[in-house]
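Overview (structure and organization)
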Amino acid sequence: LASMYNGVVLDEGRDALQDTNDRSLANMQRGGSYSVIPRVPGGEITPEQLIQMGETAEKYGLYTKITGGQRIDLFGAAKHHLPEIWEELGSVGLESGHAYAKALRTVKSCVGSTWCRYGVQDSVGFAIRVENRYKGVRSPHKMKSAVSGCVRECAEAQSKDFGMIATEHGYNLYLGGNGGVNPVHAQLFATDIDEDTVLKYLDRYLMYYILTADRLERTAPWQAKLPGGKNGGGPIEHLKEVIIEDSLGICDELDRRMQYLVDTYHDEWAEVVKNPERRKKFQQFTNTDENQSREETIEFIEQRDQKRPTNWLPDGTAQTNWKPDETDVFARSEKSWVAVGKTSDFAPNVGSAILYGESQLAVFNNAKRGEWYVTQNMCPHKQAFVLSQGILGDAEDVAKVACPLHKKQFGLADGQQLDGDLSLITFPVKIEGDDVLVELPSEVEVNAILGTSGLRVQSGCVDITGSDLEKDILKGVQNVTSPVTVV
């Protein structure tokens, strides 16, 4: 539907229909931070844009790396920093690269006739034209493209969903290739055609794909399943008949639908930056403007003069598969009903994080079922504070959330893992008028079990002598005569 209507995916409850990455307009990385990937059409970038990316990366402590698609990836951004980061990048004309979406990713290019002595066409200019035409077009799966300036094929166009190779007379157009787990060589569709004809054929090819492919189906397997041509040729002959000869009588519709998507393009991050209501969706906690830094939940270490999150340990070792000491760890605690916000503060059919002391909790407004749930926000698998950003659903009438990192599934009512033996701590919740109330023990007790300082993923032992954490621990301990070290 996003491929047909092209509305802002975060508006009118549509964000609840999206995967975690689409909902955040960024890809979640290890530890729960996000990557930022601006679009660099054709791989061409200005010095001003490079400088701004460097300054932004330095300001927010982001790890930078050149991607395989000729653009620059900035890793390690906290979700609540994303609007600020994109505001800075947008100031020099950088737009969303849609690395998080099932959409066009990149159109690679070699330098072509502009610089290369072998180039026969301006491959960079054409790549920029192609990318700017199809940027933002959502599709059944990601799409990649490339333009090579001569038969030496430096841009690897024949390994893309659609690729163009320059000739003395125009371009050869290839369709239905991809890399990945099952590489497929693209098939030659047309030869020696000019740029406008390439775009006309691509408009029809991509819209035919969008309208007929299954969800999460790349162009290569979709193309392989198409019927053969009337004269005994394979699927590529069928495509020639549909796209060039208009054998199905749908070319006008395909043209019209694609032009609509082109005309309604919008930079999704620009739409967020300029709109206060959309920016609120990136607030870290619903009940407070206070933030917890990324370093408070996972240690960042230095590597080759850059910062990255420390390694996760193998499953079954320390800091993985977390379980409380008791099944009902707060059974003997004195509890009270705590107001954590208004019902309107919690978007329907998604999770929202709240901060209680130094503990992160997840509130789930399951409007589809008319139910509310509250759990810990930390996924016990890798101790990442991400459950509020997971996907809500149900399995055999059991309301559940799937962790966005490894899709571990937990029942929201009792916290039990549906596909394993882990569990979440859950808390009673009720609605009184417009108030959302959660029955909670004292902050000190909850912090002792779920506080981020005690659950922070780190690479080794930390001496907490003299810290507030040590004081909290020592409150319940007598006859301690030596410093305490917690692993």
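Structure shown above.
This text gives an overview of the structure that appears in the document. Please read all numbers here as calculations on a predicted model, not as lab measurements. (Residues numbered from 1 in each chain as written. Predicted model: local features only at pLDDT ≥ 70, side-chain atom pairs only at ≥ 80, totals over all residues. Heavy atoms only, no water.)

Taken as a whole and assessed by the stated rule, the structure comprises 11 aromatic pairs. Both rings, one in tyrosine 208 and one in tryptophan 222, keep their centres 5.8 Å apart while their planes meet at 80°; by these two values the pair is edge-to-face. Remark: tryptophan 222 occurs in helix α8 (residues 219-224) and tyrosine 208 occurs in helix α7 (residues 195-212); sequence separation between them is 14 residues. Like tyrosine 208, the residue tryptophan 222 is buried in the burial classification. A ring pair is formed by phenylalanine 330 and phenylalanine 427, whose centres lie 6.0 Å apart and whose planes are at 35°; its orientation type is tilted. Of this pair, phenylalanine 330 sits in the loop between β11 (306-309) and β12 (336-342) while phenylalanine 427 sits in strand β21 (residues 426-427), and the two are 97 residues apart along the sequence. Residues phenylalanine 330 and phenylalanine 427 agree in their burial class; the two are buried. One Lys or Arg, arginine 30, reaches over the ring of tryptophan 312 and ends 5.8 Å from the middle of that ring. Between arginine 152 and the ring centre of tyrosine 118, over which it is positioned, the NZ or CZ distance is 3.7 Å. (Phe/Tyr/Trp six-rings, centres within 6.5 Å; stacked < 30°, edge-to-face > 60°. Helix = DSSP H or I, 4+ residues; strand = E, 2+ residues; numbered from the N terminus. Buried < 20%, exposed > 50% of the residue type's maximum accessible area, 1.4 Å probe, protein only. Lys NZ or Arg CZ within 6 Å of the ring centre and 35° of its normal.)

Looking now at the nonpolar core. Leu25, Val36, Leu82 and Trp269 are the most contacted members of the largest nonpolar core, which has 43 residues in total. Going through the elements one at a time, β2 (34-36), α3 (47-60), β4 (72-77), α4 (82-90), α11 (268-273), β14 (359-366) and β19 (398-402) are the ones with two or more residues in this core. Per-element accounting of this core gives the leading share, 4 residues, to α4. Apart from residues no more than four positions distant in its own chain, leucine 82 is found in contact with Ser24, Ala26, Tyr34, Val36, Ala77, Trp269 and Phe282. Within the second largest apolar cluster, 39 residues are counted, among which are Ala166, Leu173, Phe189 and Met207. (Core = buried A, V, L, I, M, F, W, Y, C linked by side-chain atoms within 4.5 Å. Contact = heavy atoms within 4.5 Å.)

Another aspect to go through is the pairing of strand β8 (residues 170-175). Counting buried positions along β8 gives 6 out of 6 residues, so the element sits mostly inside the fold. Summarising the sheet, strand β7 (residues 162-167) and β8 pair through 6 bridges and their orientation is antiparallel. When the sheet's bridge partners are listed, methionine 164 is paired in β8 with leucine 173. Where β7 folds back on β8, the antiparallel hairpin that results is connected by 2 residues. Bridge analysis of β8 against strand β9 (residues 187-193) gives 4 bridges, and the strand direction is antiparallel. Residue leucine 173 lies in a different strand from β9, and its bridge partner there is alanine 190. (Pairing = 2+ DSSP bridges.)

Two elements in contact, α7 and helix α9 (residues 235-243), have axes separated by 10 Å at closest approach and are oriented at 115°. With respect to each other, α7 and α9 are oriented roughly perpendicular. For the pair α7 and α9, the crossing hand works out as right-handed. In this structure, α7 contributes Tyr201, Arg204, Tyr205 and Tyr208 to the contact, and α9 contributes His238, Leu239, Val242 and Ile243. Per-class residue counts for the contact of α7 with α9 are 6 nonpolar, 1 polar and 1 charged. (Axes fitted to C-alpha atoms, helices over the stretch in contact; angles between N-to-C directions. Parallel < 35°, antiparallel > 145°, perpendicular 65-115°, else oblique. Left-handed = near helix turned anticlockwise from the far one by under 90°. Nonpolar A, V, L, I, M, F, W, Y, C, P; charged D, E, K, R; others polar.)

Running from N to C, helix α6 (residues 123-134) and α7 point in directions that differ by 30°, and their axes come no closer than 12 Å. The angle between α6 and α7 places the two elements in the roughly parallel class. Considering the relative orientation of α6 and α7, their crossing is right-handed. Every residue of α7 that contacts α6 at Phe126, Arg129, Val130, Arg133 and Tyr134 is listed here: Glu195, Asp196, Val198, Leu199, Leu202, Asp203 and Leu206.

To continue, consider the pattern of salt bridges. The full count for this structure, using the stated rule, is 29 salt bridges. Its salt-bridge partner being lysine 281, residue aspartate 15 comes within 3.1 Å of it at the nearest N-O pair. Separated by 266 residues along the polypeptide, aspartate 15 in the loop between α1 (2-5) and α2 (20-24) and lysine 281 in the loop between α12 (276-280) and β10 (300-303) bring together distant segments of the chain. Classification of aspartate 15 as buried rests on a relative accessible area of 9%. The class of lysine 281 is partly exposed, set by a relative accessible area of 36%. Taking the shortest distance from any N to any O, the salt bridge between glutamate 268 and arginine 138 comes out at 2.8 Å. Pair noted here: glutamate 268 is in helix α11 and arginine 138 is in the loop between α6 and β6 (143-148), with a separation of 130 residues, a long-range link. Each of the two residues, glutamate 268 as well as arginine 138, counts as buried. Salt bridges here are not isolated pairs; linked through shared partners, they connect Asp11, Glu271, Lys274 and Arg278. (Salt bridge = Lys/Arg side-chain N within 4 Å of Asp/Glu carboxyl O.)

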